[in-house]
Amino acid sequence: MTGGAMDPLPTAPGAAAAEAEADEEADPPAADSPVPPVSEPRAPDAGRMQVPPGNPLLLSLTLQELLARDAVQVELVPEKKGLFLKHVEYEVSSQRFKSCVYRRYNDFVVFHETLLHKFPYRMVPALPPKRMLGADREFIEARRRALKRFINLVARHPPFSEDAILKLFLSFSGPDVQSKLKESAQCVGDEFMNCKLAARAKDFLPADIQTQFAMSRELIRNIYNSFHKLRDRAERMVSRAIDNAADLLIFGKELSALGSDTTPLPSWASLSSSTWGSLKQALKGLSVEFALLADKAAQQGKQEENDVVEKLNLFLDLLQSYKDLCERHEKGVLHKHQRALHKYSLMKRQMMSAAVQSREPESVEQLESRIVEQESVIQTMELRNHYSLYCLHQETQLVHAYLPLTSHILGAFVNSQVQGHKEMSKVWNDLQPKLRCLFVGPHGAPAPPRPPQDGPSAH
């Protein structure tokens, strides 16, 4: 596995944000983004999503196959753009499309909105937050990493990876990718309207789908909580490694400063001038080894940040997108379905009341027409609800396909610890012989340090 971030509308998405911003751009859309308007699935055509062979509910993909779909790099362009209001720009390169394009944060926002409108029943990872003012280097780097995780999860997601908007975002090098993304979404329905089996999704669902959904949601919530704690501890270990590197460097510099001291030796000093001079010379040279130790510790911390913390964050981003999808299912299509049923119930009561009161025929006909329309709305909402559960079933499988990432993370952590301790041990062992002149015997001759006794000496 390579490094990095684990290294396929009735209305167009809303505008992202104003182009003028100071270093940061628009807010990402909320997790409970509105479900596209209710409408009947259209007749099949050549552009519609194709039904996969075999059982379409099953997602037969391994982690290796997912990772092999693409590896996208997101690097910060050194110089900020803009004449007056400066903004950050990113170089986005795709291995799959062999492309290299430049994107702003706003471009990611519009792309994210388009995904949510086109795939409301899929796991769309969240974007990192914006910051209008005071974006320091640490914040910008954290956001770059988050954008890299986002685009890699999207580029490896089965439906997203086959959609035209992904290729557009990763390969279009024109002046205004946002307009192109919005144009691509015009007059195009969401996934429900473009999938051949949308109207038959219920046929593929198990009878206990609601029970399975509840169990899967609880399991993934528990996995998320555990991985969140693992990530926090891994971050603390990385922080300690970096602090250890800084301490070792300062320790060596202080030894060097002591060895470089030019203060004259007092006449009544117990040490002879030659002894103190030898000690100072030995202390002065130790800064090289301690600098090397500091470098090894910093390298280990950096490696664990890239290979352990980042991969934990990638998996957490995926799990969070699943949690967001579950909320969209309940607050979106399921809630709309319940409201449609409630509205239908009210209309039926009005119809019964009108029949009892013998109202005008025209008003009764209008009420009957509205009831028929509402029945159509309810039928479509039921289809959407089943299709939403169908997609949730597949997205759950996708989460479990990523679970073997755990072994990659643990392997990277163990290898980093073994390699780091091995390299630092070698430096410590090389340093030990250079300390001989610091230990003076009874006649002024250098003597090696004695190992500490486990207990009191025998008399």
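Conventions used here
- Residues numbered from 1 in each chain as written.
- Predicted model: local features only at pLDDT ≥ 70, side-chain atom pairs only at ≥ 80, totals over all residues.
- Heavy atoms only, no water.
- Pairing = 2+ DSSP bridges.
- Helix = DSSP H or I, 4+ residues; strand = E, 2+ residues; numbered from the N terminus.
- Axes fitted to C-alpha atoms, helices over the stretch in contact; angles between N-to-C directions.
- Core = buried A, V, L, I, M, F, W, Y, C linked by side-chain atoms within 4.5 Å.
- Buried < 20%, exposed > 50% of the residue type's maximum accessible area, 1.4 Å probe, protein only.
- Contact = heavy atoms within 4.5 Å.
- Phe/Tyr/Trp six-rings, centres within 6.5 Å; stacked < 30°, edge-to-face > 60°.
- Lys NZ or Arg CZ within 6 Å of the ring centre and 35° of its normal.
- Salt bridge = Lys/Arg side-chain N within 4 Å of Asp/Glu carboxyl O.
- Parallel < 35°, antiparallel > 145°, perpendicular 65-115°, else oblique.
- Polar contact = N/O pair within 3.5 Å; in protein donor to acceptor, adjacent residues only side chain to side chain.
- Nonpolar A, V, L, I, M, F, W, Y, C, P; charged D, E, K, R; others polar.

**Q** Sorry, what's going on with the pairing of strand β2 (residues 89–94) here?
**A** On any regular strand, side chains alternate: one points to one face of the sheet, the next to the other face. Judged from the 5 bridges that link them, strand β1 (residues 72–76) and β2 form a sheet pairing that is antiparallel. If you follow Val74 over to β2, its bridge partner there is Val92. Here β2 hands over to strand β3 (residues 99–104) after 4 residues, with Lys98 in that stretch at a positive phi of 50°.

**Q** Could you clarify how one ought to interpret the sheet that holds β1 in this entry?
**A** Whenever strands of a sheet pair, they do so through backbone hydrogen bonds, lying parallel or antiparallel. Taken in spatial order, the 3 strands line up as β1-β2-β3 in an open sheet, and their pairing is antiparallel. In this open sheet, the two edge strands, each paired with only one partner strand, are β1 and β3. Across the sheet, the axes of successive neighbouring strands diverge by a mean angle of 25°, strand direction being ignored. Across 6 bridges, the pairing between β2 and β3 is antiparallel. From the neighbouring strand, Ser94 faces β3, where its bridge partner is Ser99.

**Q** Before we go on, may I ask you to explain the nonpolar core in this structure?
**A** Within soluble globular proteins, side chains that are nonpolar tend to cluster in buried spots. Counting 46 residues, the largest nonpolar core has Phe315, Tyr387, Tyr390 and Tyr402 as the members making the most contacts within it. At the level of elements, α1 (63–67), α8 (209–259), α9 (273–331), α11 (361–402) and α12 (405–431) are the ones that each hand at least two residues to this core. Take this core: its biggest share by element is 11 residues, from α9. Those residues in contact with Tyr402 that lie beyond four places of it in its chain are Leu63, Leu66, Leu153, Arg156, Phe315 and Leu318. Ranked by size, the runner-up nonpolar core spans 31 residues in total, among them Val72, Val110, Leu116 and Val124.

**Q** Mind showing me how you'd approach the packing of aromatic side chains here?
**A** The description of an aromatic ring pair rests on the distance of the ring centres and on the angle between the ring planes. Tallied over the entire structure, the rule returns 13 aromatic pairs. The interplanar angle of 90° and the centroid separation of 5.8 Å between the aromatic rings of Phe290 and Trp428 together place this pair among those described as edge-to-face. Taken as a pair, Phe290 in helix α9 and Trp428 in helix α12 lie far apart in primary sequence, 138 residues in all. Classification of Phe290 as buried rests on a relative accessible area of 7%. The exposure class assigned to Trp428 is partly exposed, which follows from its relative accessible area of 39%. Connected via pairs of aromatic rings, a cluster forms that spans Tyr90, Phe108, Phe111, Phe150 and Phe169. Its end group placed over the ring of Phe169, Arg103 keeps NZ or CZ at 5.2 Å from the ring centre. Between Lys323 and the ring centre of Tyr224, over which it is positioned, the NZ or CZ distance is 4.0 Å.

**Q** Where do I start with the pattern of salt bridges in this structure?
**A** Close approach of charged atoms allows side chains with opposite charge to pair. According to the stated counting rule, one finds 21 salt bridges in the structure shown. For Glu75, the salt bridge goes to Arg144, with nearest N and O atoms at 3.9 Å. You can see Glu75 sitting in strand β1 and its partner Arg144 sitting in helix α3 (residues 137–156), a full 69 residues away along the chain. For Glu75, a relative accessible area of 36% translates into the label partly exposed.

**Q** Before we go on, may I ask you to explain the packing of helix α5 (residues 164–171) against helix α6 (residues 177–185) in this structure?
**A** What describes two packed helices is the angle between their axes and the distance between those same axes. For the pair α5 and α6, the least separation of the axes is 10 Å and the interaxial angle reads 170°. Comparing their axes, α6 and α5 come out roughly antiparallel. Two secondary-structure elements touch here, α5 through Ile165, Leu168 and Phe169 and α6 through Val177, Lys180, Leu181 and Ser184.

**Q** Could you clarify how one ought to interpret the side chain of Arg231 in this entry?
**A** Examined against the element boundaries, Arg231 turns out to sit in helix α8. Within the local environment of Arg231, its side chain forms a polar contact with the side chain of Asp232, the two groups lying 3.1 Å apart. When residues no more than four places from it in sequence are discounted, the contact partners of Arg231 are Val309, Leu312, Asn313 and Leu316.

**Q** It is not clear to me how the packing of helix α2 (residues 105–118) against α6 should be interpreted in this structure. Could you clarify?
**A** Contact geometry for α2 and α6: axes closest at 9 Å, N-to-C directions at 5°. Taken together, α2 and α6 sit at an angle that is classed as roughly parallel. Residues Asn106, Asp107, Val110, Phe111 and Thr114 of α2 touch α6, and the partners they reach there are Val177, Gln178, Leu181, Lys182 and Ala185. Grouping the constituent residues of the contact of α2 with α6 by class yields 5 nonpolar, 3 polar and 2 charged.

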